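# A look at the structure
One-letter residues, chain by chain:
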Amino acid sequence: MLNCYYQLIVDYIDAQFEAYLQEELKIKRSFFEFHDSRIHVCLYFISPTGHSLKSLDLLTMKNIDNKVNIIPVIAKADTISKNDLQTYKSKIMNELISNGIQIYQFPTDDETTAQVNSSMNGLLPFAVVGSMDEVKVGKRMIRGRHYPWGILQVENENHSDFVKLRNMLLCTNMENLKEQTHSQQYERYRCCKLQKMGFADVGPDNKPVSFQEVYEAKRQGFYDQCQREEEELKQRFMQRVKEKETTFKEAEKELQDKFDHLKRVQQEETMKLEEERRQLEEEIIDFNKMKAATESLQIQMCTNIKKDKDRKK
């Protein structure tokens with residue numbers, strides 16, 4: 001369940017790298033018009049608990065530290081006392097180091113920014129306080145929080161590291177953040193993506209190979225694979241056609257057998273009916289003969305009776 005929380009972040013960062021990579025691989029590139037949406041810095045806010053980092057925080061930073069420049073920030077730092085805040089900062093940094101989590105370190109190789117960046121590295125993680133409210137301090141209206149014990153000023157460096165963080169990001173190290181994103185995080189993503197696609201700088205014999213050679217080899221391999229899959233599809237199609245033909249032939253034979261059976265039954269029934277009709281006709285003829293004989297006998301008897309009556313008279 002924990003991985004679903006940071007996976008959204010990882011997927012989003014990778015999507016921005018992928019968009020830049022796709023533009024870079026175009027034949028006609030237009031980086032002047034292209035909107036570079038790569039993430040150059042991640043301000044990772046930490047709850048001001050004063051205790052150890054949460055497992056979710058460690059797991060998330062561990063999975064994104066090679067994809068983005070992480071700057072840890074303690075939110076709502078006014079809820080912790082000054083002494084406890086320094087202890088909490090040290091505890092956080094020790095936990096990050098012991099868990100092998102790489103955070104962004106302000107560069108100290110440039111003489112113009114070495115001193116300020118070195119001092120800012122010692123302040124990590126930054127402890128900030130934010131506010132949308134404006135309060136009156138003297139004759140000025142500033143952003144801050146009004147408490148019974150006094151006013152906390154967001155842009156007062158004695159109250160919050162907000163100004164230091166803003167200056168480090170926007171004024172002193174913006175270009176370095178962009179450069180590190182491009183030369184390290186993006187380059188790492190690009191190498192992994194091209195390797196997954198099968199590209200390499202050297203061949204199996206450890207000899208250098210050109211991008212064109214690798215592309216042609218991949219293209220030929222893809223073409224061969226398509227041919228094999230097409231042939232397999234044809235074979236499967238022909239097999240299914242044969243199976244269907246066999247099924248249809250069996251069904252046709254079954255229907256023909258059933259038809260022949262019904263035809264024989266019909267012929268037998270017809271012959272039986274013909275025999276019954278013939279017998280019926282013979283019975284009718286016999287009946288008519290008997291009827292004629294009976295009528296003839298009745299006529300003869302009537303004639304005899306009439307003659308007997310005439311003799312008696």
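Residues numbered from 1 in each chain as written. Predicted model: local features only at pLDDT ≥ 70, side-chain atom pairs only at ≥ 80, totals over all residues. Heavy atoms only, no water.

For the rest of this paragraph, the subject is the pattern of salt bridges. Oppositely charged side chains can pair when the atoms bearing their charge come close. If you walk through the whole model with that rule in mind, you get 15 salt bridges. Residue Arg190 pairs with Glu187 through a salt bridge whose shortest N-O separation is 3.1 Å. Of this pair, Arg190 and Glu187 both sit in helix α6 (residues 174-196), 3 residues apart, roughly one helical turn. A relative accessible area of 27% means that Arg190 is categorised as partly exposed. For Glu187, a relative accessible area of 29% gives the class partly exposed. Two residues, Arg278 and Glu282, come together in a salt bridge whose shortest N-O distance is 2.5 Å. One end of the pair is Arg278 and the other is Glu282, both in helix α7 (residues 211-312) and 4 residues apart, which spans about a single turn. (Salt bridge = Lys/Arg side-chain N within 4 Å of Asp/Glu carboxyl O. Helix = DSSP H or I, 4+ residues; strand = E, 2+ residues; numbered from the N terminus. Buried < 20%, exposed > 50% of the residue type's maximum accessible area, 1.4 Å probe, protein only.)

Let us now look at the sheet that holds strand β3 (residues 126-127). Spatially, β1-β2-β3 is the arrangement adopted by the 3 strands of the open sheet, whose pairing is parallel. Looking at which strands have only one partner, the edges of the open sheet turn out to be β1 (42-46) and β3. The sheet contacts of helix α2 (residues 55-64) involve β1 and β2 (70-74), and relative to β1 the element is tilted by about 170°. (Pairing = 2+ DSSP bridges. Contact = heavy atoms within 4.5 Å. Axes fitted to C-alpha atoms, helices over the stretch in contact; angles between N-to-C directions.)

The next thing to look at is the nonpolar core. Counting 42 residues, the largest nonpolar core has Ile71, Leu96, Phe106 and Phe126 as its most contacted members. When sequence neighbours within four positions are dropped, the list of residues in contact with Ile71 reads Val41, Cys42, Leu43, Tyr44, Tyr104, Phe106, Leu124, Phe126, Leu165 and Leu169. (Core = buried A, V, L, I, M, F, W, Y, C linked by side-chain atoms within 4.5 Å.)

Before going further, it helps to examine the packing of helix α4 (residues 111-121) against helix α5 (residues 162-172). Look at α4 against α5: their axes get within 11 Å of each other, and the N-to-C directions meet at 140°. It follows that α4 is oblique to α5 by the angle criterion. Crossing of α4 against α5: the hand is left-handed. Where α4 abuts α5, its residues Thr113, Val116, Asn117 and Met120 lie against Lys164, Met168 and Thr172. Its residues assigned to classes, the contact of α4 with α5 shows 3 nonpolar, 3 polar and 1 charged. (Parallel < 35°, antiparallel > 145°, perpendicular 65-115°, else oblique. Left-handed = near helix turned anticlockwise from the far one by under 90°. Nonpolar A, V, L, I, M, F, W, Y, C, P; charged D, E, K, R; others polar.)

Read across the sheet, 3 strands follow the order β4-β5-β6 without closing on themselves; strand pairing throughout is antiparallel. Edge positions in the open sheet fall to β4 (134-137) and β6 (150-153), since each of these has one partner strand only. Across the sheet, the axes of successive neighbouring strands diverge by a mean angle of 70°, strand direction being ignored. Summarising the sheet, strand β5 (residues 140-147) and β6 pair through 4 bridges and their orientation is antiparallel. Bridge pairing links Tyr147 to Gly150 in β6.

Attention now goes to α4. Residues of α4 that are buried include every one of Thr113, Asn117, Met120 and Asn121, and no others. Buried residues of α4 fall within an arc of 90° about the axis and therefore sit on the same side. Facing away from the buried side of α4, by more than 90 degrees, are the exposed residues Glu111 and Gln115. Buried positions along α4 lie against β3 and α5. (Arc of directions from axis to C-beta.)

What follows is about the environment of Ile74. Locating Ile74 in the fold gives a position in strand β2. Residue Ile74 is classed as buried on the basis of its relative accessible area, which comes to 0%. Expressed as a C-alpha distance, the spacing of Ile74 and Val128, which sit 54 residues apart in the sequence, is 6.2 Å. Ignoring anything within four residues of it in the chain, the contact list for Ile74 reads Ile46, Pro48, Leu85, Tyr88, Lys89, Ile92, Pro125, Phe126, Ala127 and Val128.

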